[in-house]
Amino acid sequence: MLELLGRVTASEDRAGAAADDEGLVHVTRLPARRARVAPLPDGLPEVLRRRLARAGITELWEHQAETYRRARAGRHTVVATGTASGKSLAFQLPVLHELVEDEQAVALYLAPTKALAHDQLRVLRDLTLPQVRAAVVDGDTPRTERDAVRRTANWILTNPDLLHHSLLADHRRWADVLHRLTYVIVDESHVARGVFGSHVALVLRRLRRSAERYSAAPTFLLASATIGNPAEHAGWLTGLDIGEVTIDGAPHGPLDLGLWLPPYDDERRVGRRSVLREAGDLMARFVAADVQTLVFTRSRKGAEVVAVTAQERLGDATDDTGQRLADLVAAYRAGYLAADRRELEEALRVGRLRGVAATEALELGIDVSGLDAVVLAGWPGTTSSFWQRLGRAGRAGGSAVGVFVAQEDPLDHYLVAHPDDLLGRDPEAAIVDAGNPYLLAPHLRCACQEAPLDDDEAARWFGDEAPALLAADVDRGVLRRRGGQHFWTSRRRAAAEVDLRSAGGRPVRIVDADTGALLGDVDEARAHRQVHTGAMYLHQGRTYRVADLDLERHLAVIEEAPTATTTTRARTDTDVAVLEELESARWDHVSVALGRVEVTVQVTGYDVLRLGSAEVLEHVPLDLPPVQLRTVATWYALPAGAFDGIGLPRARVPGALHAAEHAAIGLLPLLALCDRWDLGGLSTAEHPDTGEATVFVYDGFPGGAGLAERSYRRLPDHLALTREAIATCRCDDGCPSCVQSPKCGNANDPLDKAGALLLLGHLLEVAPAG
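### So, the overall build of the chain
Looking only at helices and strands, the chain features 25 helices and 30 strands. Against the 2.2 N^0.38 benchmark of 27 Å for 770 residues, the chain shows a C-alpha radius of gyration of 27 Å, consistent with a compact globule. Along the three orthogonal principal directions, the C-alpha set of the chain runs to about 75 × 75 × 60 Å. Burial analysis of the chain (770 residues in total) assigns 57% to the buried set. Considering only intrachain contacts with a sequence separation of at least 6, the fraction spanning at least 24 residues in the chain is 73%. Carbon together with sulfur atoms contributes 47% to the accessible area of the chain, which is approximately 31000 Å² in total. The average position of the 86 basic charges and that of the 108 acidic charges among the side chains of the chain differ by 5 Å.

### Focus on the nonpolar core
Ranked by size, the top nonpolar core spans 106 residues in total, and within it Leu163, Leu204, Leu207, Phe404 and Phe462 carry the most contacts. No other element matches helix H9 (residues 194-213), which puts nine residues into this core. Dropping the residues within four chain positions of it, Phe462 is found in contact with Leu202, Arg205, Arg206, Leu440, Leu444, Ala447 and Leu453. With 39 residues, the next largest nonpolar core counts Val95, Leu116, Leu127 and Ala223 among its residues.

### A short note on the pairing of strand E28 (residues 627-638)
Successive side chains on a regular strand alternate, one facing one side of the sheet and the next facing the other. When you tally the buried positions in E28, you get nine out of 12 residues, the bulk of the element. Summarising the sheet, strand E26 (residues 590-610) and E28 pair through 11 bridges and their orientation is antiparallel. When the sheet's bridge partners are listed, Glu598 is paired in E28 with Arg630. Note: E28 against strand E30 (residues 693-699), six bridges, orientation antiparallel. By the bridge assignment, Tyr636 is partnered in E30 with Val695.

### Section: the sheet that holds strand E13 (residues 329-332)
On the basis of which strands lie adjacent, the open sheet formed by seven strands has the order E1-E11-E16-E15-E12-E14-E13 and mixed pairing. Edge positions in the sheet fall to strand E1 (23-30) and E13, since each has one partner strand and no second. This sheet shows a mean twist of 15 degrees between the axes of neighbouring strands, independent of strand direction. As paired elements, E13 and strand E14 (residues 355-358) share four bridges and run parallel to each other.

### Considerations on the packing of helix H22 (residues 653-667) against helix H25 (residues 753-766)
Closest axis-to-axis distance for the H22/H25 pair is 7 Å, and the angle between their directions is 75 degrees. In this view, H22 runs roughly perpendicular relative to H25, as classed from their interaxial angle. Along the contact surface, H22 presents Ala656, Leu657, Ala659 and Ala660, while H25 presents Gly755, Ala756, Leu759 and Leu760.

### So, the environment of Thr563
Inspection of the secondary structure puts Thr563 in the loop between strand E24 (555-560) and strand E25 (566-587). Here Thr563 falls in the exposed class, since its relative accessible area comes to 69%. Separated by 20 residues in the primary sequence, Thr563 and Thr543 have C-alpha atoms spaced 8.3 Å apart.

### Here's the deal with the packing of aromatic side chains
In this structure the tally under the stated criterion is six aromatic pairs. In this arrangement the basic side chain of Arg150 is found over the ring face of Trp174, its NZ or CZ atom lying 5.2 Å from the centre. Above the face of the Phe487 ring, Arg482 is positioned so that its terminal group lies 4.4 Å from the ring centre.

### Some thoughts on the pairing of E14
Both faces of E14 are covered, namely the face carrying Gly355 and Ala357 and the face carrying Val356 and Ala358. As paired strands, strand E12 (residues 293-296) and E14 are joined by four bridges and run parallel to one another. For Leu294, the partnering residue across the bridge sits in E14 and is Val356.

### Things to note about the confidence of the model for the chain
Overall, the prediction assigns the chain a mean pLDDT of 89, with 92% of residues at 70 or greater. The low-confidence segment residues 11-19, where pLDDT is below 50, has nine contacts with residues more than four positions distant or belonging to other chains.

### Some thoughts on unusual backbone geometry
For the peptide bond that leads from Asp749 to Pro750, omega is 0 degrees, which places it in the cis range. Take Pro750: it is sitting in the loop between helix H24 (715-727) and H25. For Ser215, which is not glycine, the phi dihedral falls at a positive 65 degrees. Residues other than glycine seldom take positive phi values, yet His554 does so here, at roughly 50 degrees. Within the fold, His554 resides in the loop between strand E23 (542-550) and E24.

### Focus on the pattern of salt bridges
In this structure the tally under the stated criterion is 37 salt bridges. Residue Asp147 is joined to Arg173 by a salt bridge in which the shortest nitrogen-to-oxygen separation is 3.4 Å. Residue Asp147 is found in helix H6 (residues 143-152), and its partner Arg173 is found in the loop between helix H7 (160-167) and helix H8 (175-179); the two are separated by 26 residues along the sequence. Judged by relative accessible area, which is 23%, Asp147 ranks as partly exposed. Notably, a salt bridge pairs Asp281 with Arg273, separated by 3.1 Å at the nearest N-O pair. Overall, the relative accessible area of 8% leaves Asp281 in the buried class. Since its relative accessible area comes to 27%, Arg273 is described here as partly exposed. Through salt bridges with shared partners, one network takes in Arg273, Glu278, Asp281 and Arg313.

Reading the values: the criteria
- Residues numbered from 1 in each chain as written.
- Predicted model: local features only at pLDDT ≥ 70, side-chain atom pairs only at ≥ 80, totals over all residues.
- Heavy atoms only, no water.
- Helix = DSSP H or I, 4+ residues; strand = E, 2+ residues; numbered from the N terminus.
- Rg over C-alpha atoms; globule rule 2.2 N^0.38 Å.
- Buried < 20%, exposed > 50% of the residue type's maximum accessible area, 1.4 Å probe, protein only.
- Contact = heavy atoms within 4.5 Å.
- Areas by Shrake-Rupley, 256 points an atom, 1.4 Å probe, with all protein chains shown as cover.
- Lys, Arg positive; Asp, Glu negative; His and termini not counted.
- Charge placed at Lys NZ, Arg CZ, Asp CG, Glu CD.
- Core = buried A, V, L, I, M, F, W, Y, C linked by side-chain atoms within 4.5 Å.
- Pairing = 2+ DSSP bridges.
- Axes fitted to C-alpha atoms, helices over the stretch in contact; angles between N-to-C directions.
- Parallel < 35°, antiparallel > 145°, perpendicular 65-115°, else oblique.
- Phe/Tyr/Trp six-rings, centres within 6.5 Å; stacked < 30°, edge-to-face > 60°.
- Lys NZ or Arg CZ within 6 Å of the ring centre and 35° of its normal.
- pLDDT = per-residue confidence, 0-100.
- Salt bridge = Lys/Arg side-chain N within 4 Å of Asp/Glu carboxyl O.

Here you go:
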């Protein structure tokens, strides 16, 4: 495969390129791993043993056997091992054993995606165990079928959203299921992090409460990718004491891994070629070489662009059988109809497709084996996702190829420039905060509607802060207190006011002006930036222009603009006010702190840019109200005199601070499971609350998500990573790979790359050692 990687990634139009500057800049071979096995448990029911033998399973890997032992003993467990390590069998086996032996037992399986739930259903049904009646209930399930599932199924596969909106909200209809609930499985639990993870944690606490009211105490089994804190994270999610199984006994074939830097667009070395075009070209080359390839992108649009690029590159070329190669390439993403998704999954699984560009929907455990190559179009956000996606290559046990194509981002650039750090770094910790009052309060209302809630029970299930939040809702008239208990008073469902995939606030609906069709929605807090009047909006490969944003009706009306030659970029003013300093430290004359802040953001207008370039054609003013966000931030502040000592003129200070802020936001995902879009920042030469030059980095969610705190706890490491990323970027004055930000509301002006290096170097000189 190493020879194949070199041959496929070679290109005649790259002749003369600096080997360490663009194209394939690093190749390494990751060795194969041998299996560590254990015998099938002695006590397995004979019918289950026979079905396993028919499926070719005559022994277990060690982590599967250990998970089985713990689960059968009723111990809450998380199994956190690599891709293709058989985590599914690890939790399936004890549950199947229980369902075969106890006709009253019920298992509830939760997956983050519909595709994963359906893949699990296929595996369970292939076993043809008459005692196991498995069924999926999700948004695609007709209501009449849901009734049948409630009556007959003993293994119910669903997702946290349906659990929240339907099963718990209608718990009386699901009373028999809750009464017999024996196991709860949370698959791909590492996905439940940040705000989404905090929502899931509160839903699981409500599930445990409802189950207890129906006299059930289920055992929780969680399956996770390799993260830095599997047991701690699983405990945060469930509110239980969770044991972990992390020793991976599964085998894996060798993997040849290449790191790829797209070439610069021109001699000015300001920007590089699109990561999506590069990934599409690579996929076309692999497909032409008869290498079944999966390309992971970070967006729906990205998957479509990669697939189209590969198809265009392949043109009318055919394989040895006369099959047109472009017809063997497709995109897979959320948003397709259920039948289309199933057809694509099956075509990839059986080899009818040779190239697929996908979003994370195909990362999460779908059993796709025999892939020869995986291409990552940009850093997937976390170390665990990086290995999870690469693990799709060589799942059948043979050798395979992986290519990581860096996009224009400080984090991607840093990792490609430091392959030893990339390959040897520990996985990040997943963060969950079920005590975030902005999330907890609406879930308490849901709990009150499910069953009246008193203060003691609220504290027991939801933490010590819960009674005060209940009292506040009583004062607001949202809840009623009677006999020491809190009751939901509205005729509306409390669950309808909580979107698990949102940080809060009523979403803004996006409606097609011509058809009236609802095309999607966007968080209220992000609507001003993304769907302001005049904004260009992309939906399923089509370009629209926002005709009107009606904030009172929470409605954005859009019109199709098929011949658009421009795009838009919002311009914003941001202010940060310090509300409360939670912790602080002194590094000589530098102050660093963690605290609660109020962020005020106002979209003041937008730039119209020529499509595919940074050329600004027009500045358009807007009159939108400011949006407030109370969250958590970390910050550092320096007195004005500090810059004289490092040779940084006062006129360059704003650009240096701004560049350091951008790069720090881009690198924080190396320390915490997050994305740069989960964060915000502000830099100023003199902040009114500190009286000094200050850089803030804050969580982009109400109440915070633990990300800024992670930066504060490891600030010297964070700043060192930031400086290294800037220093190793070969651009002259700053580019998207180091200090420019795609979300900057000030059009990346001013920025001073050299000044940022001076500033960060000085901060590291005075930072505490170790």
